[in-house]
Amino acid sequence: MANAFKNNGVATIGTSYVTVYAPSTVVPGTIGTVIGLSVANKHTGDVYIDAILSKPTGDFFIIKAAPISIGSTLLLFGGEQKMVVEPGDVVKVKSDVAASIDVIISVLEIF
């Protein structure tokens, strides 16, 4: 089995869910382990964010209505916290304010 570290940044997320990570489909059966997920507030006021793990069986909240103060960043994964993302799963994030957050996600993919 091979491993690859990857990261993805998505800027200016607003009030609709945006995919920030889905396992690679280049190699079927790829599994990702989220090792870092940070959400930065770049709005002029506080924002509230939701993050979900969207699976073929439904959507599951990672966090719901989490406040992020002006100029702050919320770290959802890092340190000892990890999350496995299986083939067909998608990690999505949204804010309660248009064009207000940036997201950076780091993943270890195993294929």
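Look up: the structure comes first, before these words.
Model, not experiment: these values are computed from the prediction. (Residues numbered from 1 in each chain as written. Predicted model: local features only at pLDDT ≥ 70, side-chain atom pairs only at ≥ 80, totals over all residues. Heavy atoms only, no water.)

Enquirer: It is not clear to me how the overall build of the protein should be interpreted in this structure. Could you clarify?
Expert: Counting its secondary structure elements, the protein contains zero helices and nine strands. Each helix and strand of the protein, placed in order from N terminus to C terminus, yields the pattern β-β-β-β-β-β-β-β-β. Taking 111 residues into account, the globule formula puts the C-alpha radius of gyration at 13 Å, and the protein, at 14 Å, falls close to it. Taking all 111 residues of the protein together, the buried fraction comes to 39%. Across the protein, contacts joining residues at least 24 apart in sequence account for 80% of those joining residues at least 6 apart. Accessible surface, the protein as shown: approximately 5900 Å² in total, 58% of it carbon and sulfur. When the 7 positive and 9 negative side-chain charges of the protein are each reduced to one mean point, those points stand 3 Å apart. (Helix = DSSP H or I, 4+ residues; strand = E, 2+ residues; numbered from the N terminus. Rg over C-alpha atoms; globule rule 2.2 N^0.38 Å. Buried < 20%, exposed > 50% of the residue type's maximum accessible area, 1.4 Å probe, protein only. Contact = heavy atoms within 4.5 Å. Areas by Shrake-Rupley, 256 points an atom, 1.4 Å probe, with all protein chains shown as cover. Lys, Arg positive; Asp, Glu negative; His and termini not counted. Charge placed at Lys NZ, Arg CZ, Asp CG, Glu CD.)

Enquirer: Looking at this structure, how should I read the sheet that holds strand β4 (residues 47-55)?
Expert: Across a sheet, paired strands are connected by hydrogen bonds in the backbone, their directions being either parallel or antiparallel. Strand order in the open sheet made by the four strands is β2-β8-β4-β5, with antiparallel pairing throughout. For this open sheet the edge positions go to β2 (18-21) and β5 (58-68), each flanked by a neighbour on one side alone. Averaged over all pairs of adjacent strands, the angle between strand axes in this sheet comes to 30°, irrespective of strand direction. (Pairing = 2+ DSSP bridges. Axes fitted to C-alpha atoms, helices over the stretch in contact; angles between N-to-C directions.)

Enquirer: Can you help me understand a nonpolar patch on the surface in this one?
Expert: Taken together, V26, V27 and F111 make up a surface patch of nonpolar side chains, about 260 Å² in accessible area. Structurally, the position occupied by F111 is in the segment after β9 (101-110). Judged by relative accessible area, which is 35%, F111 ranks as partly exposed. (Patch = residues over 30% accessible without salt bridge, like charges linked within 9 Å, V, L, I, M, F, W, Y side chains within 5 Å. Salt bridge = Lys/Arg side-chain N within 4 Å of Asp/Glu carboxyl O.)

Enquirer: Any chance you could explain the nonpolar core here in plain terms?
Expert: Most often, soluble globular proteins have nonpolar side chains that are buried together. Membership of the largest hydrophobic core comes to 24 residues, with the highest contact counts inside it found for V20, V34, I49, V91, I101, V103 and I105. If we skip the residues at most four places from it in the chain, I49 touches V39, I63, K64, A65, A66, I68, L74, L76, K94, S95 and I101. (Core = buried A, V, L, I, M, F, W, Y, C linked by side-chain atoms within 4.5 Å.)

Enquirer: What should I look at first to understand the environment of K82 in this one?
Expert: Here K82 is to be found in the loop between β6 (73-77) and β7 (83-85). Put simply, K82 and V27 are 55 residues apart on the chain and 22 Å apart in space, counted from C-alpha to C-alpha. Not counting the four nearest positions on each side in its chain, K82 is found in contact with T33, V34, I35 and F77. In this structure the side chain of K82 is engaged in a polar contact, spanning 2.2 Å, whose partner is the backbone oxygen of G79. (Polar contact = N/O pair within 3.5 Å; in protein donor to acceptor, adjacent residues only side chain to side chain.)

Enquirer: Hey, could you run me through the environment of G36 in this one?
Expert: By the element assignment, G36 lies in strand β3 (residues 31-41). Expressed as a C-alpha distance, the spacing of G36 and G79, which sit 43 residues apart in the sequence, is 7.9 Å. Setting aside residues no more than four positions away along its own chain, G36 makes contact with F77, G78, I104, I105 and S106.

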